[in-house]
Amino acid sequence: MSDGLVVSNLHVRYGGVIALNGIDVRVPKGAFVSVLGANGAGKTTLVRSITGLLNLHKGRVTSGSIELDGQSVLGQKSSTIVRAGVAQVPEGRKLFPNLTVEENLLCGAATRTDTDEIDETLAQVYELFPQVERLNQQTAGLLSGGEQQMVAVGRALMSRPSLLVCDELSLGLAPKIVHQLFELLTNINQERGTSVLVIEQNARLALQHATDAFVLDLGEVLLDGKAADLREDPTVQELYLGGGGEAREAYASIQRKRRTPTGERNG
């Protein structure tokens, strides 16, 4: 039995469009893993597949598997996947704007049956986010973007997940706030042992905090390995970190090999 999240040979389509073309991604228990890629690389589709939301967007898995701690979660309802230990911080926060901060946080505990311990978890979230506690009776829609992101992370933690999936955490936020959030995720990972999967375009910051990373392109894994090694990879530097010399031509060469003469992807 494998510990952590294991995505194996996953193929996903939206109608006739290939979104993921046989990718393998692993998040070992207690790891901090980042998935990088430009828009259209397949990052969001990967998140939807893991969290059980793919069908809402008319996508379907055509083959492959997704397992959490050795148990398949492929095709399960999102509520079942949350109970299994996966919580998501969605792209764009997606709070309930007319509810208070505390009401939004409590929504994160909706799948829990240990209702007598929810207040304890709420207190732990407030300890992590003192600013959120001070705003707990404020209407969520009136908060700043950074404050809303803190609430979104706190809401996910209310389910007491073993795996926290964060989709584009830095989107629309000031750099200082983003750095604070990544530091917080690192603390949650190291001090609580919560596994973290960050789907992110801010490659520099993601690679700084992650232990391992995967680079997606056109629905396939282009590169993977230790985050420290990928920071030094010339292709990653050129495409995501702003430098690397000849990596652009190396990347173009990789792309040529991955395509058939008609311009369609192999596989």
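Residues numbered from 1 in each chain as written. Predicted model: local features only at pLDDT ≥ 70, side-chain atom pairs only at ≥ 80, totals over all residues. Heavy atoms only, no water.

Section: the side chain of Thr-194
Which entries qualify depends on this criterion: To qualify as a helix, a DSSP run of H or I must reach at least 4 residues; to qualify as a strand, a run of E must reach at least 2; elements of each kind are numbered from the N terminus. Whether two residues are in contact is decided by their heavy atoms, any of which lying within 4.5 Å being enough.
With respect to the helices and strands, the residue Thr-194 is situated in the loop between α7 (175-192) and β8 (195-200). Contact partners of Thr-194, with chain neighbours within four places excluded, come to Ala-31, Pro-161, Ser-162, Leu-163, Leu-164, Ile-188 and Asn-189.

What to know about the sheet that holds β8
Rule in force here: Strands were regarded as paired on the criterion that DSSP finds at least two bridges between them. Orientation is described by lines fitted to C-alpha atoms, with helices fitted over the stretch in contact, and by angles between N-to-C directions that extend from 0 to 180 degrees.
As summarised here, the arrangement of the 6 strands in space is β6-β7-β8-β3-β9-β10, forming an open sheet in which the pairing is mixed. Taken across any chain shown, the strands that pair with only one partner, and hence form the sheet edges, are β6 (86-89) and β10 (220-226). Each neighbouring strand pair of the sheet contributes to a mean axis angle of 15 degrees, computed without reference to strand direction. Packing against the sheet, helix α1 (residues 43-51) makes contact with β3 (32-36), β6, β7 (163-167), β8 and β9 (212-217), and its axis sits at approximately 145 degrees to β8.

Quick word on the environment of Gly-37
Applicable threshold: Only protein chains enter the accessibility calculation, which uses a 1.4 Å probe. A residue is then buried if its area is under 20% of the maximum for its type, exposed if over 50%, and partly exposed in between.
For Gly-37, the position within the fold is in the loop between β3 and α1. Its relative accessible area of 3% is what places Gly-37 among the buried residues. Considering only alpha carbons, one finds Gly-37 and Leu-222, 185 residues apart in sequence, at a separation of 9.4 Å. Apart from residues lying up to four places away in sequence, Gly-37 is in contact with Lys-43, Glu-200, Gln-201, Leu-216 and Tyr-240.

Notes on the environment of Gln-190
Locating Gln-190 in the fold gives a position in helix α7. Distance in space between the C-alpha atoms of Gln-190 and Ala-31 is 8.7 Å, their sequence separation being 159 residues.

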